[in-house]
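# Structure assessment
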Amino acid sequence: MADWGPVVIATVLFVLLTPGLLFQIPGNGRYVGLCNMQTSGLAILVHSIIFFALIVVFLIAIGVHINTG
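This one's a predicted model, so the numbers in the text were calculated from it and none came from an experiment.

Moving on: the overall build of the protein chain. The secondary structure content of the protein chain amounts to two helices and four strands. From first element to last, N terminus to C terminus, the protein chain shows the α and β order β-α-β-β-α-β. Surface exposure of the protein chain reaches about 4800 Å², of which carbon and sulfur atoms provide 75%.

Now the structure itself:
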């Protein structure tokens, strides 16, 4: 049986937390920029930290598993 939980969670979080796609923290001129498709190094760092924190919560603390087969 394959455990697809980590793959699905990581893919969804990666798409949702891509800086500039839905939102960007910190934005260019505002604290939160919405759908501007422009990124900075600081925004990439902040989104990477948020991604890591959420992946740890979902995979280690909660233990999400999606089994097939």
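Compared with the 32 Å implied by 1.5 Å per residue over 22 residues, the 30 Å span of helix α2 (residues 41–62) between its first and last C-alpha is a close match. Those residues of α2 not exposed but buried are Ala-43, His-47 and Ile-55. Where α2 is buried, its residues touch α1 (5–16) and β2 (23–24). One or two residues past the end of α2 sits Gly-63, with phi positive at roughly 75 degrees.

Scored by pLDDT, the protein chain comes out at a mean of 82, with 88% of its residues at no less than 70. Ranking the elements of the protein chain by mean pLDDT puts strand β3 (residues 33–34) last with 70 and α1 first with 90.

A separate point is the packing of α1 against α2. Where α1 contacts α2, the axes come no closer than 10 Å and their chain directions differ by 150 degrees. Relative to α2, α1 is oriented roughly antiparallel. Seen along the crossing, α1 lies across α2 with a hand that is right-handed. Judged by residue contacts, Gly-5, Pro-6, Ile-9, Ala-10, Leu-13 and Phe-14 of α1 engage Phe-51, Leu-54, Ile-55, Phe-58 and Leu-59 from α2. Of the residues belonging to the contact of α1 with α2, the class tally is 10 nonpolar, one polar and no charged.

Quick notes on the rules
Residues numbered from 1 in each chain as written. Predicted model: local features only at pLDDT ≥ 70, side-chain atom pairs only at ≥ 80, totals over all residues. Heavy atoms only, no water. Helix = DSSP H or I, 4+ residues; strand = E, 2+ residues; numbered from the N terminus. Areas by Shrake-Rupley, 256 points an atom, 1.4 Å probe, with all protein chains shown as cover. Expected span 1.5 Å × (residues − 1). Buried < 20%, exposed > 50% of the residue type's maximum accessible area, 1.4 Å probe, protein only. Contact = heavy atoms within 4.5 Å. pLDDT = per-residue confidence, 0-100. Axes fitted to C-alpha atoms, helices over the stretch in contact; angles between N-to-C directions. Parallel < 35°, antiparallel > 145°, perpendicular 65-115°, else oblique. Left-handed = near helix turned anticlockwise from the far one by under 90°. Nonpolar A, V, L, I, M, F, W, Y, C, P; charged D, E, K, R; others polar.

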